[in-house]
Amino acid sequence: MKVPLEWLSEYVPLVLPPEELARRLTLGAAEVEDIIRTGGDWGEKVRVGEVLRVEPHPNADRLRLVTVNLGDRQQRVVCGAPNVAEGQRIAFGELGAELIDGHTGKPSVLKSNKIRGVLSEGMVLSERELGMSDDHEGIIELPADAPIGTPLSDYLGEIVFDMAAWANRPDLLSIVGVARDVAALTGQRVTEPDIVYDESGEPAASRIAIEIADPDLCSRYIGMVIEGIRIGPSPLWMQERLTAAGMRPINNIVDITNYVMLEYGQPLHAFDYDRISGRQIVVRRARPNESLVMIDGERRALAPEMLVIADAARAVALAGVMGGRDSEVSDTTTTVLLEAATFKGTNIRRTASRLKMRSEASARFEKGLPHELAAVAARRAAQLMALHAGGRVAPGMVDVHPVPATPATIDVPAARIRRVLGIDIPEGRVVEVLTALGFGVRQEPGRYRVDVPYWRPDVRIPDDVAEELIRIVGYDDLPTTTVLGRLPPPLPQPMRDLRERVKDILVAAGMQEIMTYSLVSLENLQRVVSPEALAVTPPLRLANPLSSEREYLRTSLRGSALETLARTRRVRRGEIALFETARAYIPHDRNDSGGDDLPDEEETVLGVVAGQRPGRWGQPSTEPVDFFDAKGYVEVLLRMLAVDVEWAATEEFGLLSGRAAAIRVGGRDVGVIGQVHPDVAAAFDVEGSAYLFELRLDLLLDQAAERRYHPYSSVPMVEEDLNFVVDAATPAAGVRGAILEGRYVLAAHLFDEYTGGQLPPGKKSLAFAVSYQAPDRTLTDDEVAKARERLVRTMEKRLGATLRS
C-alpha cells in the first residue's frame, strides 16, 4: 500500500518528520518498507513558470515560440504542445535538467537544440517528461496559484510511504485507516471527509432491482444511481494523488471509484446504467459453460464456484475482480449504476488466483471487509461524482443486506491486560488510547466494556484489546523483568535425539550431510522402487503441484540421494560419501480398509558412497571405493549406538545381485546395504560404481543405547590366529558371530580370506585374529587351550568348519 503523505495529512496532522513517523508506524502499526520521494530527481533545474506570450514559429505551422517567466528571468523556447496558452502556470525544464525522453521513455539530460532554425534552450514539460505518467499529448497545466520560479520538486514533490499491511488488517489498505493509527500514535485527531450531497429525481429503488441469489458468497450489495454524468478527466489533484499511490488516472468516474477505494479501502465499480438489461442486478454463481468478456478485452471461461454480477440477460462483471466490457463506463455514459458490496474473501481469492487476475480490488476483498464499509464508500463516491462529474444523485440507495452485522462488544478485565502485558497501564491512558483508535470505552469496576468499531473486525477477544494498547503505548515501555514461575520441563523426544546422534556420528566418520526435497517426480521413484511396491502402495500426489519434478511425496530417499551424488561427482574428485536423515512417506495399502488417509512417516538414514579412496600424503588415489567402504560407515554408526548387528545376503530392487546384504538388529531387518545396480546408476547419470546403505531409525530406536565408558582391564589378553575352512557360501559374519560366543573370547577380527587349489572345491578359508581375556585374572596356557578346543568343536558342529593347520 502506497501512502502519499500529502493525502494522509488531509485527515490527520503530521507532526513528526517522515523518518520518525515511519519508525513509529513500523513499531506500532505495519512496516514502512520504503520512503519514496517523488520529484527528487527534478532538482533545481525544473521550475514553475508562467507563459507570457505564445507566437507562431517562423518556419513551422505546428510549432510555436513560447516566452516563459521564471521569476528571475524570461526564456523563449520552441514548443509543439497544442494546449499551451498565455497566462498558464507550467513546468519548465532548464538546460541540464534530468528528464524522461518523450519518444524513447529513457532518462536524458536536456540540451540546447536548434528546431527549424530557432535555438531552443529549455522546454515546457509534459507529465511523461517529468515521469509522472505516460501522457505526452500536451504540457502539464499547474494551478493558477503555483509560485513562479519555485523548484517543481518543492511544489509537486511528494513523500510516499510504501507500507506492508498485515493479513488481518484490511483497514491498513486505506489512507483513512492509516490515518487512524497515525492519530493514535502521535496524539492527534482524525478528520474524516464530511459526506454531504444533494439528491434529486426518481428514487434509486424504482430504477434498479437487486437480488442476491447466493448470500453465502455476498452478504451485502448496494446500488446507487447517479445521472447527468459528464465523462472527462478528473481534477488534477485527484490524478496526482492516484499517481502517487501507484494507480493510473483514466477518467473522472473510474478515478473516483479508485480514489474512494484507496481512501476507505472499499472497492467500488461503476456500470453504465443504460447497458444494464432489465434494470436488474442478480448476484449469483456462474452458470455452466458461462463466459465473460472483461474490461481488458479478454474472454474468460467461468467456473460454477465463481461469483458474477449479472443483469436480466447475462453476466456483466466478475464479482470483486473485474468488470465486463459490455457494461463499462464509456465516453457516452450519462447515467452510472454505482456498486458497493461485501463478498466472501476466500471465494474472491480463489477466483482471482485461478484466472491469474489479482488486482487492487481483489487484494482488499480477499482479506475480508466489514459490512458497514460498503455504505460509507458508496456515499463518498456519489458525493465526488456530483462534485466532479456533474452528476445528480438519485434519492436513497438499494441496499440488500440478508444478514446484518452485529456490533461487537468485548468485556476486558483490567487484570487480564496486566497479565498479558506484564505492566500496569493507567485507566486514563487505556481510555485515551482506545478512544483514539475509534473504540468505544465504558469503565466499570475492575473492567472495561469496549465497543469495537466496524473497521476492526480482527479485534474480538480481550487479548486483542491488550495488543492494541501496547502497540500504541510502545513496546519500548515494556520493563525488563525476570521470568516468573518455573520453566516447564522439556518434553522427551527420543526420535529427534537419535536422529541428531546419527548425524553427529556419520559426520565424525567423514560423511557429508545433504538435505533434499521431500517432493519428487514419479519417474524418480520408478527408478528406485519396484513396480510391485508402487502398485500396492502408490505414492501420494499433491493436489496442486508447483511442477512435475515436485509432484509426489517420496516413498524412498534413494532417488534424491543418487541425484545429488551425480551432481557432486561432476564437480568433485576423490571419495564422495553423502548421507541424509529424513522421512519416507509410505501410504497405507490400498487393500487395507482400516486406518486413516495419512501416510506412515518412516524415519530413515540413507548414505551413498562413490569415487576413489583417499590417497596418502596428499597424493590422489585411483583405487575405487567398494562395498566394504560403505559397510565401514554402517559399522561405525552401529558400534557408536551400541547396537549388535548381523549381516545376511539378500536381494533388493535397484541393488546388484550378489552385492547386497540385509542389516539385522535384534533378529529383524532394519536396513540394507549394497552396490547400486549399474542400470539404476546410469538412469541418474552416476558415473562408475556407487554403494548405498539405508537404515530405519524408527526400528533402531528401541535398540540404540548410549555408549558408556568401561575401564580397560588390568589383566593382559591372549591373542592367536585361527584359520577355519568352511563352505564357500557361509558368510564371514556368521563365522565371526560363532567365534564370539566362545568362552573367554573378547574379540575376533577377520584378516584373510582364501580360496584356491589347496582347498577342496566349494570351500574357503577364513583367518581370524582371536583375543581371549578373563575379567579377573590372567589366563593360563592350559585355560586358553581348553577354550580353543571347545571353540573348534562348536564351530565344527554348528557350521561344519574345520581348523586349518
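Notes on the structure in this doc start here. (Residues numbered from 1 in each chain as written. Predicted model: local features only at pLDDT ≥ 70, side-chain atom pairs only at ≥ 80, totals over all residues. Heavy atoms only, no water.)

**Section: helix H6 (residues 252-264)**
Then, number 1: Here H6 spans 18 Å end to end across 13 residues, near enough to the 18 Å set by a 1.5 Å rise per residue.
Then, number 2: Here H6 lies mainly inside the structure; twelve of its 13 residues are buried.
Then, number 3: Asn252, Ile253, Asp255, Ile256, Thr257, Asn258, Tyr259, Val260, Met261, Leu262, Glu263 and Tyr264 are the residues of H6 that are buried.
Then, number 4: The backbone nitrogen of Ile253 lies 3.1 Å from a side-chain oxygen of the residue at the head of H6, namely Asn251. (Helix = DSSP H or I, 4+ residues; strand = E, 2+ residues; numbered from the N terminus. Expected span 1.5 Å × (residues − 1). Buried < 20%, exposed > 50% of the residue type's maximum accessible area, 1.4 Å probe, protein only. Polar contact = N/O pair within 3.5 Å; in protein donor to acceptor, adjacent residues only side chain to side chain.)

**Describing the sheet that holds strand S28 (residues 447-451)**
Then, number 1: Spatial strand order, S26-S28-S27: three strands in an open sheet with antiparallel pairing. With partners counted over all chains shown, the strands left at the sheet margins are strand S26 (409-413) and strand S27 (440-444), one partner each. Averaged over all neighbouring strand pairs, the angle between strand axes comes to 20°, with direction disregarded.
Then, number 2: Judged from the five bridges that link them, S27 and S28 form a sheet pairing that is antiparallel. The partner of Gly440 across the bridge, within S28, is Asp451.
Then, number 3: Each of S27 and S28 is contacted by helix H11 (residues 427-436), which is oriented at about 160° to S27, the strand it contacts most. (Pairing = 2+ DSSP bridges. Axes fitted to C-alpha atoms, helices over the stretch in contact; angles between N-to-C directions. Contact = heavy atoms within 4.5 Å.)

**A word on the nonpolar core**
Then, number 1: Within the largest apolar cluster, 82 residues are counted, with the highest numbers of intra-cluster contacts made by Leu8, Leu25, Phe161 and Met224.
Then, number 2: Per-element accounting of this core gives the leading share, ten residues, to helix H9 (residues 373-388).
Then, number 3: Sequence-distant contacts of Met224, that is, excluding residues within four places in its chain, are made with Tyr197, Val336, Leu337, Leu338, Ala378, Arg379, Ala382, Val393, Gly396 and Met397.
Then, number 4: One finds Ile210, Ala286, Ala303 and Phe365 within the second-largest nonpolar core, a separate group that totals 39 residues. (Core = buried A, V, L, I, M, F, W, Y, C linked by side-chain atoms within 4.5 Å.)

**Some details on the pairing of strand S32 (residues 576-586)**
Then, number 1: Most of S32 is tucked away: ten of the eleven residues are buried.
Then, number 2: Pairing analysis gives two bridges linking strand S29 (residues 512-513) to S32, with the strands arranged parallel. Within S32, the position partnered with Gln512 by the bridge is Leu578.
Then, number 3: Note: S32 against strand S33 (residues 600-610), eleven bridges, orientation antiparallel. Bridged to Ile576 within S33 is Ala610.

**Quick word on the packing of aromatic side chains**
Then, number 1: With the rule as written, the count across this model stands at five aromatic pairs.
Then, number 2: On the basis of an interplanar angle of 15° and a centroid distance of 4.5 Å, the ring pair of Trp7 and Tyr259 is categorised as stacked. Remark: Tyr259 occurs in helix H6 and Trp7 occurs in helix H1 (residues 5-8); sequence separation between them is 252 residues. Summarising the burial analysis for this pair, Trp7 and Tyr259 share the class buried.
Then, number 3: An aromatic cluster is defined as three or more aromatic residues linked by ring pairs; in this entry it consists of Trp7, Trp237 and Tyr259.
Then, number 4: Residue placement shows Arg207 over the ring face of Tyr273; its charged tip is 5.2 Å from the ring centre.
Then, number 5: One cation-aromatic arrangement involves Lys631 over Trp647; the distance from NZ or CZ to the ring centre is 4.7 Å. (Phe/Tyr/Trp six-rings, centres within 6.5 Å; stacked < 30°, edge-to-face > 60°. Lys NZ or Arg CZ within 6 Å of the ring centre and 35° of its normal.)

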